[in-house]
Amino acid sequence: MELPHHEDVSPGTGSLPPRAWYATSDAAAFSLNGPWRFRLSPTPDAEDEAFAADGYDSTAWDDITVPGHWVLQGHGAPHYTNQLYPFPLDAPRVPTENPTGDHLHTFDLPAAWPREGAAVLRFDGVDSCARVWLNGTELGDFKGSRLAHEFAVGELLRPTGNVLAVRVHQWSAGSYLEDQDQWWLPGIFRDVTLLHRPAGSAGDFFVHAAYDHRAGTGTLRVDAGTAGRVTVPALGIDVPTSRSVTVPVEPWTAETPRLYDAVLATPGERIPLRVGFRTVAVEDGVITVNGRPVLFRGVNRHEFHPETGRALAPDTMRADVLLMKRHNINAVRTSHYPPHPAFLDLCDELGLWVIDECDLETHGFQAVGWRGNPVDDDRWTPALLDRAARMVERDKNHASVIMWSLGNECGTGRGLTAMADWIRARDAGRLLHYEGDRSCADTDVYSRMYADHAEVERIGRGEDEGPRRRAGLPFLLCEYAHAMGNGPGGLGAYQRLFETYERLQGGFVWEWIDHGIAHPAYGYAYGGDFGEEPHDGNFVCDGLLFPDRTPSPGLVEYKKVIEPVRIEGDGRAGTVAVTNLHDFAGLAHLAFTWSYDQDGVPVADGVLAVPPVGPGGRAEVKLPPPPPHGPDTETQWTVRAVLADATAWAPRGHVVAWAQLPAGDGRTRPVPDGAAAPRTADGHRLTLGPAAFDARTGDLLALGDRAITGLRLDVWRAPTDNDNGMPWRPEPSVAARWRALGLHRMRHRVDAVEPTADGLTVRTRVAPAASDLALRTEYRWTSDGDRLTLRLSVTPEGDWTQPLPRLGISFGLPGGADRVRWFGGGPGEAYPDTATASLLGVWESDVDALQTPYVRPQENGARPGIRWAELGGLRIESADRPWLTARRWTTHQLDAAAHRTDLTPGDTVWVTLDAGQHGIGTNSCGPGVLPQYALHPRPTTLRCVFAPAGG
Ligand code: IPT
C-alpha cells in the first residue's frame, strides 16, 4: 500500500534546498502573515482538495490568524504529553483521527513588486506537515515543523488574486521525530513570506569569521552561491566572495558581542550582514572561545507564549533575551528545535552563547525499549539528514551559535551518526552536542542531564568511569535544576562545582518559561485541563518565568548564584574582595556602591573605588569607617556592582552582583521576660499582660484587642512539585512519605495547662494517627506587661526516620490583615536551599503580594530570617530569625488546590512562623534536598515576642 505523503518517512517533495536565512536584503519581500481562511476537518480525507483550486468559495469557513495554532484559536484543543506519544506507536503510520486544517489566503502583489525575476515562498514553521498549492498548482509537501521550507513560485504568481492553499495535518510521520516535552500545537505558527529572487541574487552563503587570539586578528571569508563582493567598512575590507582576508579586529563573545556591519553584494542583491569574529575549539579537554575557557550560565528555552503558543511576536523574543541578560544568563540551548531565526539575531546582537538544537526527539520509543526507534532505522535517515541540513544551513551565519545539537532524547542510532558526519563535513567551525549517547562517539562534549552534585563532582575530578573517548571531553549539564514550581533548590552547590573544576563548563537550567496556557476558568491551564488523555499534568510548568513572563523566585535566585562578579569580605574589618568571574570582560562597565545599614535601613552610602580587574582576577578594597550606632543595633554593609552606563540590555544602575557583609557583633536583643502574673478573669478566661487565653485549653485568644485563633505547632506544608518527586519513579517521594506518615493530619493532645507565678505553661503531644512518633511540645508564655513572650520547645519522641516539612507555629488573624512589614530576608520568597538572593532589609508588602503564583498551588511565599514583622495590628519579634508566611487560606486549602483559581480568600489571614523549613531540592526531575538542607526532627526552640503593633 502506498502511504499518503503525511505518513511516509520522506521529508517531503518539491521544496528548494535549504539556505541561509536572513531578515532583510534589498530584494523585495512580502509578508503573507495576517488573517487567512480556515476549515478544520476531523480526518485527512473528510474533505477533498478542491479548496486549492482557483475560485473556491470559502465564505463558509472561519478566519484564522497566521502565524498561529488553530487549537489556540477556537478549533480543537491543545494536548500535553512529556515523553509519551499521544497516539499508538506504529511508525510511520498515524491515526485516522488526524485533525486537518485547510488554510486559504488570497493576495495581490504589492504595486512595487518587480516584474522580472524569480520568487520563493518561505514557510518558517508549520506543525506538523503541510501540502502547498499556489493558484491551483501543487508545489509540494514538507515535514520538519520548526525548520524553514521554501518553494519556487515565480512563474505562478500573478499581480492580483493569488490563491495560496495549505493543508496541514496535526499528525504525520514527522510527529514521530517531534516528541518534545511540550504541548502538541498544530498550525502554521511561524511567518509565511514571499521573497523576490532577482537574477544574480546571492543564493546560499556562508560567513566564516574566525578570531586568532594570539595575533588579535579576524579572518573573514564569505562563500556565496553567486559570486560578489564583501565589504566591512569599519575594517576597510572590500574583497570578492570566497577570498580570505585577515585584519586586526575586536572579537565577538557573549560578554562583548562586537558585531561589524558588512554587506554581501552580488550582481542582483545586497544583503546586510552582521559579522562577529570568534573561534570555538576544544583544547586540552576544555571548550574555549578565542583561546579562553568559557563557563555556561545557561537556560533551556522553548518558544512559548501563554496565548499564542509557539507563535512568538518579535517583542516576545526580545523580551526573552533582555530578561536573560538582566539575570546574568549567558547561554541558551534552543530546546529542542531551532528557534525562530530572529531569536538568533538577537543572541548575536545582545550576546548569548547558543547551542542550536535540531528538531528531533523520539523519546516515546523508550516506552517500548527503543524498539523501532527511527534514529536507528535507515529508512528514516534521509529525514534526519534533511533536518540537520535545514538547521545548519539556516543558522550557520550566527556568531552566537557555537554548538550544533543533534536533537534531544532519541536514544542512540546510526541516523544520529549520519547527521553528525554530515554536520562536521559542512561546518568544521562549531562543536557537536548530543546528550543521549553516553559513548560520546559523535560529540565533542560530554553532556548529561540532572546528574546529582556528587556525580558531577566525580566527573569534575575525572574520577568517572566510562568510555575512553569520553574521559578526555569537557563536561556540561545540558539540563539541570528542574525549575518546576517552588525551586529549584541546590543551585549554589552546582555553581561551586562548576567554578572549582575546569572540566565542568556549567549548565543549562531546565527550563526558561512555564508553558501554562491562558484559560478562562483556571488562570493557566496545564496537561489534562483540556480533557486530553494521556497527559502529564503540570510537568509542562517548569520554568524560571511564570507564563506571563514575570520572573519566578527561581530566576532571581539563579541570577544571584551565577553572578559574574563575586563580592566577599569582612564587614567588621572593613575589607571587600572583588573577584571577576567573567571569561572575557573586565569590570570597567561596572560601578561599585556601598551602603551601611542599621537594623535593615541604609543610613549612609557611597561609591567604592575598585581598580581594574581582568577576567579571573581579584582585588581587595577598603570600606570607609562606619558611622556610629547605638547598642543592640544590627549593622551591615551592602555592596553592589551596578552598570556604570546603560547597555543594550539594561539601564545604568542595573544591579549585576551584590553582597551583604555583617558589620556588628552579631548580638541580638534580650527577650523580654515575665513581670506580669497570670490572672483568671471571667470563668475560663485567663489574662497575661496584653494577652487572653482559654484557661481550659491553653489557647491564645487575643492580644490586646486583636483576636487570634488556632495558635499551635505546625509541621505541614502543601507539598511542592519537588516534594512530589518524579511520578514515574518507583520509590516514594518525600511528600508521599510525609502523607503515609500522616504529617498532614497531626493530632494535638493537651496534657497540661499550668498557670505559674510568672506565666502560663501549656504542654501538648502532637502526633500522627496510627503511629507512636510524636513531638512533645511545650508553650511557655510570659509577659513584661506590654508584650507577650512565647518560648516554644519541641522534643521528638520515637524513632523518626523522615524529615519534617516545616517546624513552627501557625495561627489565624480573624478579620484579616493587609499590609505586612518585616525586617528580614526579602523581597521575594526563600527556602533553605533557595535563599542566596534573599536581601536582608526592611520590606513591605500586602498579604496577596506575598504569595508566589505557582501555576499549580503549593508551599510558597516564606520570608526568611525574620527579626520583626508587623501585620494585622500585631508586632512579632524573634531572636531566632524564623521564617514567615501569611496567606488568606489555610495550608490544607493550598494543598487541595489544583489551580490558582481554586484559592478563594477567607476573612482570616493564616500566619506561620517556622523555626525550620525543609529544603526544596529539584527532585521533580533531579536530585532531592541536599543533606545539609534537610529538616530532621530534633529538639528545637523558638522564641517569639508578640505586642500590639505600634506599641
Ligand atoms: C528531560 C527532557 O529532555 C526535557 O525535554 C524535559 O522533559 C525534562 O526532562 C523534564 O522537564 S528528559 C527526563 C526524562 C530526564
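These numbers come from a predicted model, not from an experiment. (Residues numbered from 1 in each chain as written. Predicted model: local features only at pLDDT ≥ 70, side-chain atom pairs only at ≥ 80, totals over all residues. Heavy atoms only, no water.)

## Quick notes on helix α5 (residues 453-461)
Right, so step 1: If you check which residues of α5 are buried, you get H453, V456, I459 and G460. Buried residues of α5, viewed axially, fall in a sector of 120 degrees; they line one side.
Right, so step 2: Of the surrounding secondary structure, the elements contacted by the buried residues of α5 are β31 (446-449), β32 (475-480), α7 (491-500) and β33 (504-509).
Right, so step 3: Positive phi shows up at G462, right after α5, with a value of about 75 degrees. (Buried < 20%, exposed > 50% of the residue type's maximum accessible area, 1.4 Å probe, protein only. Helix = DSSP H or I, 4+ residues; strand = E, 2+ residues; numbered from the N terminus. Arc of directions from axis to C-beta. Contact = heavy atoms within 4.5 Å.)

## With respect to the side chain of T764
Right, so step 1: Mapping T764 onto the fold places it in strand β50 (residues 759-768).
Right, so step 2: Given the relative accessible area of 6%, T764 is considered buried.
Right, so step 3: Apart from the residues within four sequence positions on either side, T764 is in contact with R749, V750, D751, L775, R776, T777 and Y779.

## Let's talk about the side chain of S552
Right, so step 1: Secondary-structure assignment places S552 in the loop between β35 (523-525) and α8 (553-561).
Right, so step 2: Judged by its relative accessible area of 3%, S552 is buried.
Right, so step 3: Apart from the residues within four sequence positions on either side, S552 is in contact with G543, L544, L545 and F546.

## Observations regarding the pairing of strand β20 (residues 245-248)
Right, so step 1: Of the two faces of β20, the one lined by V245 and V247 is fully buried and the one lined by T246 and P248 carries no buried residue.
Right, so step 2: Two elements, strand β17 (residues 217-224) and β20, share four bridges in a ladder whose sense is antiparallel. Within β20, the position partnered with G218 by the bridge is V247. (Pairing = 2+ DSSP bridges.)

## A closer look at unusual backbone geometry
Right, so step 1: The linkage connecting D127 with the following residue, S128, adopts the cis geometry, with an omega of 0 degrees.
Right, so step 2: A cis amide bond links W510 with the next residue in sequence, E511, at an omega value of 0 degrees.
Right, so step 3: Relative to the helices and strands, E511 is located in the loop between β33 and β34 (517-519).
Right, so step 4: The residue N135 is not glycine, and still its phi comes out positive at about 50 degrees.
Right, so step 5: Relative to the assigned elements, N135 resides in the loop between β9 (129-134) and β10 (137-143).
Right, so step 6: Overall, the relative accessible area of 11% leaves N135 in the buried class.

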